[in-house]
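# Remarks on the overall topology
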Amino acid sequence: MSLVNPADSLERQNEKLLQIAQSLMNRVEYGAEQNGAAYAQFERAALLEKRVRERTLELERTLNLLHDSNAQLSEANAQTEAARQNLADAIEAVSEGFALFDSGDTLVMCNSRFCRDFHEMQKNLKPGLPFSEYVRQVSRSPFLLLPSEETPDNWAARRIRRHQDRHVMFNVQLRLGRWLQVSEHRTSTEGTVILQTDVTDLIRIERAERDRLRDKQAVMVRATLDHLNQGVGIFDELGQLVGWNGKLGALLAMDARRLQIGASFSGLIDRLAQDVRFAQGIDREGFLQWALTGNHRAPISFEVVQGERTVLQVFGRGMPDGGFVISVTDVTAEREAARRLFEMNEVLEQRVMERTLELEDALSAAERANASKSRFVAAASHDLLQPLSAAKLYVSSLADRFPGTEEHRVLEKAESALTSAAQIIDALLDISKLDGDGLHFDIRAVKLTEILQPLRDEMSVLAERKGLEMRIVDSHLIVDSDATYLRRVVQNLLANAIRYTETGKVLVGVRRNGGSARIEVWDTGPGIAEDDQNAIFEEFRRLDTKASRNEGLGLGLAIVERACARLGHPLGLWSEVGRGSCFMVNVPIAGFQSGPRDPRRSAPRPVHLGHAGLIALLVENDAALRRALSIMLESWGVNVIEAEDADSAIALLDDLQLSPDVLLLDYQLGSGPTGLALSQKINESQLAPLPCAIISADKSPQLRQDCKVVGVELLAKPLDRHKLAQFLEGVAQQIP
């Protein structure tokens, strides 16, 4: 309890406080004499008064907070009520039917448009209505128009199942031709919002547009069918005719009165003319059975013969709805053309065979004439060398009798002319030997140092005489070749380099190139234009007449080319006008082959090709060369398919529908793709890459490298028939 009553007046309270203060002062002064218990009671009373005052203040603050909270709650309730009213007004303003069900599938609220078309339900749409009851009442409403095969219970069960989805949208049909679209969406609190929208106008517009399009499409289909060259019949899933064109009746010789909507397929088959004969393993019963198969029909195609010669091709295919389409095409002209073509092919094959035999006879005669020419040249050369040698001796004797005179100089020129004539005869003798079939090579292991060192001593005098620097880099490689002819090849190339080089140097070296040694002869001469790089290997052909006026017969490179071809040593050339040239000879290194190769195997006429039956695709834009190659290949027993360029080659293969055994392609094919590009394009359509040889006058290292990368043989122009025969023999041996 408080010592000072708050209800007292201020004067009374001050009086009491003064008394309390006086008592305290007395206690201080007479504390030892008075009783301490009374003072202790006073202290407790003062402490209790303080606590009561603090509690009273806390209670006052709490009451103030409670008053503020009540005021805020009242304001919130007012706002909630206003929001609820606004929501109700907004829902009511929605032009669609709206309803909200809570997570327990109980109706919370709806607007007046919800289920407005189901008048008998309006009195039952109150908060607390279960969703299942709402669906049951809708399913039994007389205003709901259900399909004839569906009951209200089935519709309600299907509607409840769809309610499990988070988003549902479907249309329901009402009486009097009206439609209602129902959209159902799940809320974040697992409640459900249902919207009902009247889509009657949209459905009517859509149906009208669909009917219009269907009519337009029917007109287009009818026009398309009438303009087809084939007869077409369309049948539904029951095998009844629903569409056709006039061509169908004309091709099948069927009365137009039989072709009408609803005509059965089996009835039409029975009414086919008796002179219609089925072919290709099918008959009337089989065709009818196919039509009655149902949705699992596979496409069917066969031919029928009508009358004596009319051939009709019939094609049938099923449709997704279970129906099927039949088309009939008159292929009489095509079959007649194929028959005539077959007969023509037989005649042509007979003519080709006769022509081949004639060409073989001509080739044999040419080979005999060539052999006779070679024998004559060899005999004539041998006989001419004897008197020439005697003439040289006589001229030398006369020259010794007139030293230092004008007659001596004339005799020296005569002796030089005789020497040149003897060299020409020797070269012709070598060429005749290389062209003949009786030449035998002594193939053995040859040290290249035995070839290069003697040539260094022999040719350095000629180089020094012209003021040239000549260098021969020695090599310790051992190769498989004929030492005599290999030395002759390198000697001719080196002599040619010295002859045509006015200033600079000549270099001879050997590079290891895989399993072969590449002997290279470099010079700093005038170079050889690309157009002339084939001509230099011809007999008596000299490009720089000034450099070779006093020496050179024009036979050195011809001998080199023939010797390399017979030995099987590939010969290459790089040259640039104004910079110089490089001749390259590839010789196999000893030990890289199972045994020495007999050059005589490269016979002028292959003996195994005639039995292999190879089919070769030859693509060459030079018509004369293409025809010459075709004749030669056909004489070997190779079947040739000719084409001028890449596009015609691809088109020809597509038309013939066959795959050749080997490709012989010119590298430069005009403005179109190159031979390499054509080879890759053809191989894209093959199960395995076809053997291919590129024929080109381009002897650049880049082309050789490109061919090597893709595994293609490179045959240089002018084309060596021996190398071509070797290549084709290898292809024939790989064919099982």
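Note that this is a predicted model, so its numbers are computed, not measured.

Analysis parameters
- Residues numbered from 1 in each chain as written.
- Predicted model: local features only at pLDDT ≥ 70, side-chain atom pairs only at ≥ 80, totals over all residues.
- Heavy atoms only, no water.
- Helix = DSSP H or I, 4+ residues; strand = E, 2+ residues; numbered from the N terminus.
- Buried < 20%, exposed > 50% of the residue type's maximum accessible area, 1.4 Å probe, protein only.
- Contact = heavy atoms within 4.5 Å.
- Areas by Shrake-Rupley, 256 points an atom, 1.4 Å probe, with all protein chains shown as cover.
- Salt bridge = Lys/Arg side-chain N within 4 Å of Asp/Glu carboxyl O.
- Axes fitted to C-alpha atoms, helices over the stretch in contact; angles between N-to-C directions.
- Parallel < 35°, antiparallel > 145°, perpendicular 65-115°, else oblique.
- Left-handed = near helix turned anticlockwise from the far one by under 90°.
- Nonpolar A, V, L, I, M, F, W, Y, C, P; charged D, E, K, R; others polar.
- 1 Å grid on protein atoms, 1.4 Å probe; cavity = no way out; pocket = protein on both sides within 12 Å on 5 of 7 lines; lining within 4 Å.
- Points joined across faces, edges and corners; volume = space filled by probe spheres on them.
- Core = buried A, V, L, I, M, F, W, Y, C linked by side-chain atoms within 4.5 Å.
- Expected span 1.5 Å × (residues − 1).
- Phe/Tyr/Trp six-rings, centres within 6.5 Å; stacked < 30°, edge-to-face > 60°.
- pLDDT = per-residue confidence, 0-100.
- Pairing = 2+ DSSP bridges.
- Right-handed = clockwise from strand over helix to strand, strands pointing away.

A tally of regular secondary structure across the protein chain gives 19 helices and 23 strands. Counting only residues that meet the buried cut, the protein chain has 36% of its 736 residues in that class. In the protein chain, of all internal contacts separated by at least 6 residues, the share reaching a separation of at least 24 is 56%. With the model as given, the accessible surface of the protein chain reaches about 43,700 Å², and the carbon-plus-sulfur share is 54%.

This next bit is on the pattern of salt bridges. The full count for this structure, using the stated rule, is 17 salt bridges. One salt bridge connects Glu150 with Arg158, and the closest N-O pair in it is separated by 2.7 Å. On the basis of relative accessible area, Glu150 is assigned to the buried category, the value being 18%. According to the relative accessible area criterion, Arg158 is partly exposed, its value standing at 36%.

Here the focus is the packing of helix 16 (residues 646-656) against helix 17 (residues 675-684). Relative orientation of the contacting elements helix 16 and helix 17 amounts to 20°, with a least axis distance of 10 Å. By the angle between their axes, helix 16 is roughly parallel relative to helix 17. With respect to the hand of their crossing, helix 16 and helix 17 are arranged in right-handed fashion. Contact residues: Ala646, Ala649, Ile650 and Leu653 in helix 16; Leu678, Lys681 and Ile682 in helix 17. Grouping the amino acids of the contact of helix 16 with helix 17 by side-chain chemistry returns 6 nonpolar, no polar and 1 charged.

The full count for this structure, using the stated rule, is 4 cavities of 30 Å³ or more. What the largest cavity holds in volume is close to 210 Å³. In terms of lining, the largest cavity is formed by 17 residues, of which the most central are Leu252, Ile269, Leu272, Phe287 and Ile326. Where the lining of the largest cavity is concerned, the elements lending two or more residues are helix 6 (246-252), helix 7 (265-270), strand 8 (276-278), strand 9 (300-306) and strand 11 (324-330). Tallying contributions element by element places helix 7 first for the lining of the largest cavity, with 3 residues.

Bringing the nonpolar core into the picture now. Counting 43 residues, the largest nonpolar core has Met470, Leu486, Leu493, Leu494, Ile498 and Phe583 as its most contacted members. Considering each element in turn, this core owes the most residues, 10 residues, to helix 12 (residues 483-500). If we ignore the near neighbours within four places in the chain, the residues touching Leu494 are Met459, Met470, Ile472, Val506, Val508 and Val521.

Right, let's talk about helix 19 (residues 721-734) for a bit. Between its first and last C-alpha, helix 19 extends 20 Å over 14 residues, near the 20 Å set by a 1.5 Å rise per residue. Of the residues making up helix 19, those classed as buried are His722, Leu724, Ala725, Phe727, Leu728, Glu729, Val731 and Ala732.

Using the criterion set out here, one finds 14 aromatic pairs in the structure. Consider the rings of Phe235 and Phe324, whose centres lie 5.0 Å apart with planes at 15°: the pair is stacked. Here Phe235 is found in strand 6 (residues 231-235), whereas its partner Phe324 is found in strand 11, with 89 residues between them in sequence. Taken as a pair, Phe235 and Phe324 share a single burial class, namely buried. Consider the rings of Phe287 and Trp290, whose centres lie 6.1 Å apart with planes at 25°: the pair is stacked. Residue Phe287 and its partner Trp290 are located together in helix 8 (residues 284-291), separated by 3 residues, close to a single helical turn. Accessibility expressed as a relative area gives 6% for Phe287, which makes it buried. Given the relative accessible area of 9%, Trp290 is considered buried.

Let us now look at the confidence of the model for the protein chain. Overall, the predicted model of the protein chain reaches an average pLDDT of 77, with 77% of residues at or above 70. Per-residue pLDDT stays below 50 along residues 547-553; that stretch engages in 15 contacts with residues further than four places along the chain or on separate chains. Below a pLDDT of 50 lies the segment residues 593-605, which in the model reaches 27 contacts outside its immediate sequence neighbourhood of four places, other chains included.

Here the focus is the sheet that holds strand 20 (residues 639-643). Taken in spatial order, the 5 strands line up as 20-19-21-22-23 in an open sheet, and their pairing is parallel. For this open sheet the edge positions go to strand 20 and strand 23 (713-716), each flanked by a neighbour on one side alone. Averaged over all pairs of adjacent strands, the angle between their axes in this sheet comes to 20°, without regard to strand direction. When strand 21 (residues 662-666) meets strand 22 (residues 692-696), the two strands line up parallel, connected through 4 bridges. For Leu663, the partnering residue across the bridge sits in strand 22 and is Cys692. Helix 19 rests against strand 21, strand 22 and strand 23 of the sheet, and its axis sits at about 150° to strand 21.

Turning next to the pairing of strand 4 (residues 178-186). Of the strand pairs in this sheet, strand 3 (residues 167-174) and strand 4 are connected by 8 bridges, and their pairing is antiparallel. Within strand 4, the position partnered with Val172 by the bridge is Leu180. With antiparallel pairing between neighbouring strands as the criterion, strand 3 and strand 4 make up a hairpin whose turn holds 3 residues, including Leu176 at a positive phi of roughly 65°. Sheet topology note: the strand 4/strand 5 (residues 192-198) ladder contains 7 bridges and is antiparallel. In the sheet register, Val182 faces strand 5, and the bridge partner there is Gln196. Connecting the antiparallel pair strand 4 and strand 5 is a turn made up of 5 residues, with Glu190 showing a positive phi of about 65°.

This next bit is on helix 15 (residues 623-635). Between its first and last C-alpha, helix 15 extends 18 Å over 13 residues, near the 18 Å set by a 1.5 Å rise per residue. Looking at helix 15, one finds that the buried residues are Arg626, Leu629, Ser630, Met632, Leu633 and Ser635.

Buried residues dominate strand 19 (residues 615-619), accounting for 4 of its 5 residues. Sheet topology note: the strand 19/strand 20 ladder contains 5 bridges and is parallel. What sits directly across from Leu617, in strand 20, is Ile641. Taking the sense of rotation as the criterion, the β-α-β connection linking strand 19, helix 15 and strand 20 turns out right-handed. Both strand 19 and strand 21 contribute to a ladder of 4 bridges, which runs parallel. Bridging across to strand 21, Val619 finds its partner in Leu665.

Turning next to the sheet that holds strand 1 (residues 97-101). The 5 strands lie next to each other as 2-1-5-4-3, forming an open sheet whose pairing is antiparallel. In the strand order of this sheet, the two ends are held by strand 2 (107-110) and strand 3, each with one partner. Ignoring strand direction, the axes of neighbouring strands in this sheet form an average angle of 20°. Packing of helix 3 (residues 131-139) onto the sheet brings it into contact with strand 1, strand 4 and strand 5, and relative to strand 5 it is tilted by some 20°. This element, helix 4 (residues 152-162), spans strand 3, strand 4 and strand 5 of the sheet and lies at about 155° to strand 3.

A few words on unusual backbone geometry. Both trends apply: most residues other than glycine have a negative phi, and most peptide bonds are in trans. The backbone phi angle of Asp105 is positive, close to 60°, even though this residue is not glycine. Note on placement: Asp105 falls in the loop between strand 1 and strand 2. You will see that Cys115, though not glycine, has its phi angle at about 55°, which is positive. You can see Cys115 is positioned in the loop between strand 2 and helix 3. Residue classification places Cys115 among the buried residues on the basis of a relative accessible area of 1%.

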